Amino acid sequence: MKGAILSFAHMHAYSYIECLKKIPEVELVAIADEVEERGKEIASRYNTRFYRDYQELLRKEDIDFVVVCSENVRHKDMVIASAQAGKHILCEKPISVDIRSAREMIETANKYGVQLQTAFPVRFSPTIRRVKGMIDRGEFGKIFGFNCTNHGKMPGGWFVDKSLAGGGAIMDHTVHVMDILRWYLGCEARYVYAEGDTLLHDIPSDDVGLVSILFENGIFATIDTSWSRPKSFPIWGDVNIYMVAEKGTVEIEVFNQNLSLYNDKTMSVSWVDWGSNMDLLMLESFVHSIRENKPVEVTGYDGLKAMEVALAAYRSIELKEPVELPLEE
Amino acid sequence: MLRVGIVGAGGMGRVHADCWSKIDDIKIQVICDIEVDKAESLAKIYNADVTTSSGEVIKRSDIDIVDICTPTPFHADDIISSLRSGKHTICEKPITRTLESAREVVKTAREVDVKFMVAHVLRFFPEFATAKNLIESGAIGIPRMARMRRGGPYPAGKWNDWYAKVEMSGGCLVDTGIHDFDFLRWIFGDAERVYASALTWKNIPYKDYGLATIRFKSRAMAQVEITWAHPSGTPLKAGFELIGTQGMLTYDNYSSTSLRVMRVGETNNSFSMESPVAESPYLTEIRHFVSCIKEDREPLITPEDAYRALEIALACIESARTNRPVSVGGEI
């Protein structure tokens, strides 16, 4: 299986390239990056070809798949061009920044017979999967609600530029948890109410968000999407999902598999993750799906429905009232 | 010597009685409960009189302080008549069950020349008081966001099963959430609007659970999770994250605890956690009230504070019923 990474704008690309190297059946043929210096450095480090123009890469290279890691607003053009070139696509989340382009991306992939997977690595967390099994076996009876967080540190760069990211913390951090809730419940959001603001940092985008979701089946959830981890926090952030059900309460802290490192050399404390590498599990699943010609585990449509909740949250903040889904284009 | 009459000899009445008995120059004069056995068993310990009528307690001339520890809907009438009879009055949270009656209480408290405090005991818990002090000292910069968690198993099997009746207890957001709402106001000031989802109105027997989003006039925001849905026998949960422009304070009682005991039992083994402190927060609270009386100071929790906490709590269950944000902070 031959693949390429299109853009290193999103830092997850650095993890994905490491993971691809670990999958024996994958050959990383080339990368494209609009930032020449950065791209050339990475290409030489990983001993792969470099293109400044991803279109040229798509024209010249004989590859099976691409991984798209550009700024959110650029996903659309890269995904559509890759689909037209007949490449399977793993696209970084959020899939896009508006419903219409997400739909166009999905339709183009269908038209050209390629698979489009949204990069939701949390789906592949062994902890998340353990609980999915418990829920599917009905171990907790009726589910009532979820209290969730996806916190991070303020990432800066294009993430805080709405013209490139399509939003701020809410756009960045609603979708991982939303995807898990949809997967667990097999049900869509009906109403979204949100509060969001710029409260912690001097940046142009929102940095805090509390997104409340009422599902079609009456189950409710809140996702805290804030970039609220201080610079001194010992790890990048968290994905926590607390579930209350008829037969119990479940507390998932996906990234609470850490060692505490007290380091006199840096005079700092950090938490070092010893959990399974979800990015690797996700990429293995993607490669396996396209090789076996089976449907990918997380689709473009999953990406669209998770993003829709973030978009509804922004609309709710504007209107100061709950917003009904599905949204118009 | 200050003489106390305790109205309500249930769980909180017992806790308070123990606290009063530990303070010098205090005498528990009378204990009242509509169930005479409860009043008698508690009165015996402190050598106090017994009555089944709160009116009897309030009108006695040998009482200086009335301590009201009854279920929420009975608070209003007893507070108002106690204050009008010139008795210093301390009452369990929430102040009352409705905003109308809370308004009456606030009005009465303003008119009389005695001390009145609603027992929002969280302010006296060392973990919460320390957080407040740290924030005041600028430890996290300007406080801007909070996450609060609190709860445990359903409080079933109390008098008349009153917690299970929303019209009496208000459910978990009103009865338990009010602790956090008061604490958040202490940190962030007045709230502006509230949105909440909850099981409160869904008639699910012995389960309640609520998630509230609160927006403050300062633009700060908070998320509060309150549960009465843990399996019985599991430890209470409490925790917070307080986030400012320059840092964050976190607390979680499951990890920040100085004592865990795993006990072999006759029938069931058990696990418990606690964090013993030199003085119980309930005693600190009652000592504070006594010193306010003796030194003629305003208690830490004003009648308006208690009203505002209830206002947020009731706005939460209203929002949960209607799926609409609810404004708070209007004139009392």
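Bear in mind that the values here come from a model prediction, so they are computed numbers and not experimental data.

> Account for the overall build of chain A, with residues named and values stated.
Of the regular secondary structure elements, chain A holds 11 helices and 15 strands. Computed over C-alpha atoms, the radius of gyration of chain A comes to 20 Å, within 12% of the 20 Å expected from 2.2 N^0.38 for 329 residues, which places it in the range of a compact globule. For chain A, the C-alpha atoms occupy an extent of roughly 55 × 55 × 40 Å along the three principal directions. In chain A, which comprises 329 residues, the share counted as buried stands at 62%. Of all intrachain contacts in chain A linking residues separated by at least 6 positions in sequence, the fraction that spans at least 24 positions is 69%. Total accessible area computed for chain A in this model is approximately 13300 Å², and 48% of it derives from carbon and sulfur atoms. Side-chain charges in chain A split into 36 positive and 49 negative, and the spacing between the mean points of these groups amounts to 3 Å.

> Run through the overall build of chain B, naming residues and quoting values.
In terms of helices and strands, chain B carries 11 helices and 15 strands. Against the compact-globule benchmark of 20 Å for 332 residues, chain B has a radius of gyration of 20 Å, which places it among compact chains. In chain B, which comprises 332 residues, the proportion classed as buried is 59%. For chain B, the proportion of contacts with a sequence separation of at least 24, taken over those separated by at least 6, is 67%. Charged side chains of chain B number 40 positive and 44 negative; the gap between the two group centres comes to 5 Å.

> Describe helix 1 (residues 11-21) of chain B, with residues and values.
Within helix 1 of chain B, the full set of buried residues consists of B:Gly13, B:His16, B:Ala17, B:Cys19 and B:Trp20. The arc enclosing the buried residues of helix 1 of chain B, seen along the axis, measures out at 160 degrees, which places them on a common side.

> If you had to explain helix 6 (residues 126-136) of chain A to someone new, which residues and values would you point to?
Residue and element names in this part refer to chain A. Ile128, Val131, Lys132, Gly133 and Ile135 are the residues of helix 6 that are buried. Those residues of helix 6 that are buried are in contact with strand 7 (143-152), helix 9 (175-185), strand 11 (237-245) and strand 12 (248-253). Gly138 sits one or two positions beyond helix 6 and adopts a positive phi of about 75 degrees.

> So, the sheet that holds strand 10 (residues 220-224) of chain A: which residues are in play, and what are the values?
Hydrogen bonds between backbone atoms are what pair the strands of a sheet, whose relative direction is either parallel or antiparallel. Residue and element names in this part refer to chain A. Strand order in the open sheet made by the seven strands is 12-11-7-10-9-8-15, with mixed pairing throughout. Strands with a single pairing partner mark the edges of an open sheet, and in this sheet they are strand 12 and strand 15 (323-324). For strand 9 (residues 208-215) and strand 10, the ladder comprises five bridges, and the chain directions are antiparallel. Bridge pairing in strand 10 links Ser212 to Thr222.

> Any chance you could break down the interface of chain A and chain B for me, citing the residues and the numbers?
Chain A puts 40 residues into the contact, and the matching count from chain B is 36 residues. Between chain A and chain B, the buried area comes to about 3200 Å², and carbon and sulfur atoms account for 60% of it. Area buried by chain A at its contact with chain B is led by A:Glu195, A:Leu199 and A:Phe220, which between them contribute 21% of it. Residue B:Arg149 pairs with A:Glu251 through a salt bridge whose shortest N-O separation is 2.9 Å. Seen at the junction of chain A and chain B, the total is 15 residue pairs in polar contact (both at pLDDT 80 or more). Of all the secondary structure elements, the ones that give two or more residues to the side of chain A that touches chain B are strand 7, strand 8 (189-197), strand 9, strand 10, strand 11 and strand 12 of chain A. No other element matches strand 7 of chain A, which puts seven residues into the side of chain A that touches chain B. For the side of chain A that touches chain B, the per-class residue count stands at 18 nonpolar, 14 polar and eight charged.

> How would you explain the environment of B:Met262 if you had to name every residue and give the values?
Checked against the element boundaries, B:Met262 lands in strand 13 (residues 259-263). Setting aside anything within four residues of it in sequence, one finds B:Met262 in contact with B:Ser270 and B:Phe271.

> Describe the pattern of salt bridges, listing the residues and the values that go with them.
Per the counting criterion, the structure on display carries 55 salt bridges over all chains. For A:Arg291, the salt bridge is made with A:Glu292, and the minimal N-O distance between the two is 3.0 Å. Its relative accessible area of 40% is what places A:Arg291 among the partly exposed residues. Residue B:Glu56 is joined to B:Lys59 by a salt bridge in which the shortest nitrogen-to-oxygen separation is 3.4 Å. Residue B:Glu56 and its partner B:Lys59 are located together in helix 3 (residues 54-59), separated by three residues, close to a single helical turn. Here the salt bridges share partners, and the residues they tie into one network are A:Glu195, A:Asp197, B:Glu192, B:Arg193, B:Arg215 and B:Arg219.

The rules behind these values
- Residues numbered from 1 in each chain as written.
- Chains lettered and ligands numbered in written order.
- Predicted model: local features only at pLDDT ≥ 70, side-chain atom pairs only at ≥ 80, totals over all residues.
- Heavy atoms only, no water.
- Helix = DSSP H or I, 4+ residues; strand = E, 2+ residues; numbered from the N terminus.
- Rg over C-alpha atoms; globule rule 2.2 N^0.38 Å.
- Buried < 20%, exposed > 50% of the residue type's maximum accessible area, 1.4 Å probe, protein only.
- Contact = heavy atoms within 4.5 Å.
- Areas by Shrake-Rupley, 256 points an atom, 1.4 Å probe, with all protein chains shown as cover.
- Lys, Arg positive; Asp, Glu negative; His and termini not counted.
- Charge placed at Lys NZ, Arg CZ, Asp CG, Glu CD.
- Arc of directions from axis to C-beta.
- Pairing = 2+ DSSP bridges.
- Buried area = accessible area lost by both parts, 1.4 Å probe.
- Salt bridge = Lys/Arg side-chain N within 4 Å of Asp/Glu carboxyl O.
- Polar contact = N/O pair within 3.5 Å; in protein donor to acceptor, adjacent residues only side chain to side chain.
- Nonpolar A, V, L, I, M, F, W, Y, C, P; charged D, E, K, R; others polar.

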